[in-house]
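Per-entry structural report
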Amino acid sequence: MEIRPLLMCFALCVVYATSKPTEKKERIHHDAPLSSREHDDAQGFDYDHDAFLGQKEAKSFDDLSPEESKRRLGVIVEKIDGDSDGFVTEVELRAWIKKAQKKYIYENVDRQWKDFDVNNDGMISWEEYRNVTYDDPEPDDGYNYQHMMARDERRFKMADQNGDQIANKEEFTAFLHPEEYDHMKGIVVLETMEDIDKNGDGFIDLNEYIGDMYNHEDEMEEPDWVATEREQFSEFRDKNKDGKMDREETMDWILPSDYDHAEAEAKHLVYESDSNKDGKLSKEEILNKYDLFVGSQATDFGEALVRHEEF
């Protein structure tokens, strides 16, 4: 049997969870910062450039003239304006920033796309994914691939928002990276609970919580962080103090409601650029403040513009 590398990697991670028993397995998903720079407009707009374009893309503007920078920013503005009403709202700007920050994810999906789009129609059906990934769902290696296939199909259906059993690029991205999409958070929680809930009661108790993080060996002394996690479970994870975590408590644990950096940046950009204070930005208002959104004296934007087509 041939198992796709992605699947085999997942299978090995499930079977051999941790190679070092004292290492802590991390389940919490946090949004990455928008930039490694400090957000201080008094010192410059580098943070805003990184947030608006992504750190890698922002560098591509470093040598463009102001005129060229404005022209190409204008092209981007038209892409951000999702409903083509001539204005950019905070919601549209937040969505753009989110996508700019997820560029590495889109690149990962692009690398895998051609392997699964067997008929080259620009879509990936469940049958295509299943046939490529599971050419023999009952191998003679003792692992239950039928269970993995059913779990994958459930996730695929959740990502397939129009229910046609065929994934476009965005839906396939949600399938491979569900933690990045609001409508997929439920499946992330469900899969996590299935992994940890060893007694099958639909909850995560303290022993299961610690057992998922720490591969105990009798001859080894328990690391200090394990005791800390026991306290975390009792004081913060188990909010209703019934000795176990339900789905809502598990979601609060693995998908915490962090500070929304993209929303904050979108509000900041609108506040700084909205000259008539109508709560939305026209193309003219954005171009008038082009130096806030993108750099000038920047490098060739040609390749960056092509890359932005995927957004």
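Reading the values: rules and limits
- Residues numbered from 1 in each chain as written.
- Predicted model: local features only at pLDDT ≥ 70, side-chain atom pairs only at ≥ 80, totals over all residues.
- Heavy atoms only, no water.
- Axes fitted to C-alpha atoms, helices over the stretch in contact; angles between N-to-C directions.
- Helix = DSSP H or I, 4+ residues; strand = E, 2+ residues; numbered from the N terminus.
- Left-handed = near helix turned anticlockwise from the far one by under 90°.
- Contact = heavy atoms within 4.5 Å.
- Nonpolar A, V, L, I, M, F, W, Y, C, P; charged D, E, K, R; others polar.
- UniProt positions renumbered as here; feature names shortened; annotations may be inferred.
- Salt bridge = Lys/Arg side-chain N within 4 Å of Asp/Glu carboxyl O.
- Buried < 20%, exposed > 50% of the residue type's maximum accessible area, 1.4 Å probe, protein only.

Orientation of helix α2 (residues 46-53) relative to helix α14 (residues 261-273), taken along the N-to-C sense of each, is 115°, at an axis distance of 11 Å. Remark: the crossing between α2 and α14 carries left-handed chirality. Across the interface between the two elements, Y47, D48, A51 and F52 from α2 touch H261, E265, H268 and L269 from α14. Its residues assigned to classes, the contact of α2 with α14 shows four nonpolar, two polar and two charged.

The UniProt record marks residues 68-103, 104-139, 147-182, 184-219 and 261-296 with the feature "domain: EF-hand" (unreviewed entry), using the residue numbering of this structure. In residues 68-103, the share of helix is 72% and the share of strand is 6%. The end C-alpha atoms are 23 Å apart.

Further remarks concern the pattern of salt bridges. Considering all chains together, one arrives at 21 salt bridges under this definition. Across the pair K103 and E57 runs a salt bridge whose closest N-O atoms are separated by 3.8 Å. With K103 in helix α6 (residues 103-116) and E57 in helix α3 (residues 55-58), this residue pair connects regions lying 46 residues apart in the sequence. Here K103 matches E57 in class, with each residue buried. We note a salt bridge from K283 to E78, for which the minimum N-O separation is 2.9 Å. With K283 in helix α15 (residues 283-288) and E78 in helix α4 (residues 66-80), this pair connects stretches of sequence that are 205 residues apart. Relative accessible area serves as the criterion here: at 32%, K283 is assigned to the partly exposed category. Given the relative accessible area of 54%, E78 is considered exposed.

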